[in-house]
Amino acid sequence: MIESASVGTALLPHNAPPSFHVLAKPTGAICNLDCKYCFFLSKEMLYPGSRFRMADDLLEQYIKQLIEGQRAQEIVVAWQGGEPTLMGLDFFKRSLAYEQKYLPPGKTILNTIQTNGTLLDEEWCAFFKANNFLVGLSLDGPRELHDAYRVDKGGAPTFDKVMRAAQLLQEYSVDFNILCTVHAANQNQPLEVYRFFRDEVKTQYIQFIPIIERATPELLPIANEGWGDAHHVRPLYVLDGSLVTDRSVTSEAWGDFLMAVFDEWVRHDVGDVFVQMFDAALASWVGLPSSLCIFAETCGNALALEHNGDLYSCDHFVEPKFKLGNIKQDLMIELVASERQRAFGNAKRDTLPKYCRECAVKFACHGECPRNRFIRTPPSAEYPNGEEGLNYLCAGYKAFFTHIDEPMRFMARELQLNRAPSNVRRYMAEKDASFARAFAQAGRNDPCPCGSGRKVKHCHGKTAQYHERSK
C-alpha cells in the first residue's frame, strides 16, 4: 500500500456512496490472447480507429478523481482489460507517482491488476512485489481444460506461459489469486480443477466465474464461433437475447460444480484455501453484507472506465446505453452519484421477481447479477406464463445455497463464539463417520441416512462414496 501526505479531498455530492470501485481498462478491449468465450474482445467496435492506449493526462485525471471521490480509508486502484500489461511497466510506474501526488494523509491505496499472465517476467514480478500489487491470474484448470478456449491470436495454447507466470509470482512472493472461468469445457471436472489449483499451482486464493454468453436467435450461430480476431464477422456483444452459446456453463452444472468443490473444501481446506464464493456466502450466513456485488441487494458501486475516459455503469454493461459520461468532461464522483447510476443499482432489488423475493435463499443470493436475469420463472397461479427476470443460474445457485446451509450455520456459530471456522472440518469428519455407520446398516430399500427421503438404492447407494450393501 502507498501512503502519502499531500492533498485533501474535494466536496462530495450529498448522495455519493462512501466508497466505489472502478475497473480501469487502459488498453480497452485490446488483448494479446483470443479466448473464444471472451465477448469483451468485441467491445473494440465501440471505438473504431482508436489507439486503445490511455493517455498520460487522462491517467493523472483518473487517479486524482478516484482518490478525491472516496470517503473510505483504503482506496483500490484496479486495472483490467483486455490485457493491461500491454501498456508496459512505465505506465504503471507513472500511475504510482500520481497516487503519491494526490493521496491525502491517513489514507492508503491498494493496487490490483487482472492479467492473463503471458507477458509476465522477472521485471514485472519484482515491480508487483516492491509495490504490493495484488495480482489476479487467469487460469482455467489443467492443461487440456485451460487450452480448450484460452488461446493466442494464432490459436496456439497458452497453458505453459500462464504456469510460468504463476511460478514467477510465487518466486517473488507476490500476492496473487487464481481467476478460473467455468464453462462447457471444465464444468464437469470440478474436483480436477480445484485440486489442480490447490495441489499443483499451490494457490491459497481462488475465484470461480461462470461463463454465460447471451445471444439472440439471429446472433447465436456467429456467437458460437467466438468473439476474437480470428472470425471475419464480429458483432458487438450486448446483453440481449435469452439463448446462450455452446461454451456457456449450464445452470445445473454450475450448481454441481460449486457443490463438489465446497464438499472438498469444507472437509479439508477451510482456513488454508480461500474460495471467494464461499467466503461471500459465509458473510451472508453471519448476517453481514456480501463482499461480492453480485450477491448484494443493490449494486451500482462497481463501475468500468474505458481507455478514453468513458465511464460505464458496470464492467458487464460496457455498451452505449449504459455509458454515464466521460471523466474529462464530468467529475467521476458526480457520475457515480448521479440519479441515473443510483437507479441502475436499485433496479437490481426493485425488479426482482416474486419467485425470488419468496425464495428461502434470497438472503444469500438476491437474484445474483442483473446481467444473467434473462429467463422466466416457473409458472404459478399468479403468473401462468412465469415472470420475466429470473436468473439463468437460479437452479444451480438454489441447489448450492441449500446444500451448504448446515456447514455454513456451523461456521457462523463458530465465528460468533470467537472460534475458528476451520473447526467445521472436524465437524464434517464426525458427521461423515456417523453417516457411514448408518449407511452400512441400511438396506437398498431403506430410507437413505442422508435424509433425502429417497431409498438408498436411488440415493447414495448409486454412488461409490460409501460401501453399498444389499439385502
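**Q** Describe the pattern of salt bridges, listing the residues and the values that go with them.
**A** As enumerated under the stated definition, the model contains 24 salt bridges in all. Arg198 serves as the salt-bridge partner of Asp269, at 2.9 Å between the closest nitrogen and oxygen. Within this pair, whereas Asp269 is found in the loop between helix 8 (251–268) and strand 10 (274–275), its partner Arg198 is found in helix 6 (residues 190–201), the two being separated by 71 residues in sequence. Both residues of the pair, Asp269 and Arg198, belong to the buried class. In this structure, the salt-bridge partner of Arg267 is Asp263, at a minimum N-O distance of 3.8 Å. Here the residue Arg267 and the residue Asp263 both occupy positions in helix 8, the gap between them amounting to 4 residues, near one helical turn. The exposure class assigned to Arg267 is partly exposed, which follows from its relative accessible area of 24%. For Asp263, a relative accessible area of 26% corresponds to the partly exposed category.

**Q** Lay out the pairing of strand 6 (residues 175–182) with the relevant residues and their values.
**A** Of all 8 residues in strand 6, 7 are buried, a share of seventy percent or more. Direction of pairing for strand 5 (residues 134–138) relative to strand 6: parallel, over a ladder of 5 bridges. Each bridged residue has a counterpart across the sheet, and for Gly136 the counterpart in strand 6 is Asn177. Relative to strand 7 (residues 205–210), strand 6 runs parallel, the two sharing 5 bridges.

**Q** Summarise the packing of aromatic side chains; cite the residues concerned and give the values.
**A** Within this structure, the stated rule accounts for 34 aromatic pairs. Taking the centre distance of 5.0 Å and the plane angle of 50° together, the rings of Trp265 and Phe278 count as tilted. Placement of Trp265 in helix 8 and of Phe278 in helix 9 (residues 276–286) is noted, with a sequence separation of 13 residues between them. Overall, the relative accessible area of 0% leaves Phe278 in the buried class. Following the ring pairs from residue to residue traces out a cluster consisting of Trp254, Phe262, Trp265, Phe278, Trp285, Phe295, Phe363, Tyr397, Phe400 and Phe401. Here the guanidinium or amino end of Lys25 rests over the ring plane of Phe40, the centre of that ring lying 4.2 Å away.

**Q** Got a sec to walk through helix 5 (residues 159–171)? Specific residues and values, please.
**A** In this model helix 5 runs 18 Å from its N-terminal to its C-terminal C-alpha over 13 residues, within 8% of the 18 Å that 1.5 Å per residue would give. Listing the buried residues of helix 5 in full gives Phe159, Val162, Met163, Ala165, Ala166, Leu168 and Leu169. On the buried face of helix 5, the contacting elements are helix 3 (122–130), strand 5, helix 4 (143–146), strand 6 and helix 6. Ser173 occupies a position one or two residues after helix 5 and carries a positive phi of about 55°.

**Q** Quick one: what's the story with the state of the cysteines, residue by residue and with numbers?
**A** Here the structure, examined in full by the defined rule, presents 0 disulfides. With no disulfide of its own, Cys359 has Cys394 as its nearest cysteine by sulfur position, at a separation of 6.3 Å. Given the relative accessible area of 18%, Cys359 is considered buried. No disulfide involves Cys450; its nearest neighbouring cysteine sulfur is the one of Cys459, lying 3.5 Å away. Overall, Cys450 belongs to the partly exposed group, its relative accessible area being 35%.

How each quantity is defined
Residues numbered from 1 in each chain as written. Predicted model: local features only at pLDDT ≥ 70, side-chain atom pairs only at ≥ 80, totals over all residues. Heavy atoms only, no water. Salt bridge = Lys/Arg side-chain N within 4 Å of Asp/Glu carboxyl O. Helix = DSSP H or I, 4+ residues; strand = E, 2+ residues; numbered from the N terminus. Buried < 20%, exposed > 50% of the residue type's maximum accessible area, 1.4 Å probe, protein only. Pairing = 2+ DSSP bridges. Phe/Tyr/Trp six-rings, centres within 6.5 Å; stacked < 30°, edge-to-face > 60°. Lys NZ or Arg CZ within 6 Å of the ring centre and 35° of its normal. Expected span 1.5 Å × (residues − 1). Contact = heavy atoms within 4.5 Å. Disulfide = S-S within 2.5 Å.

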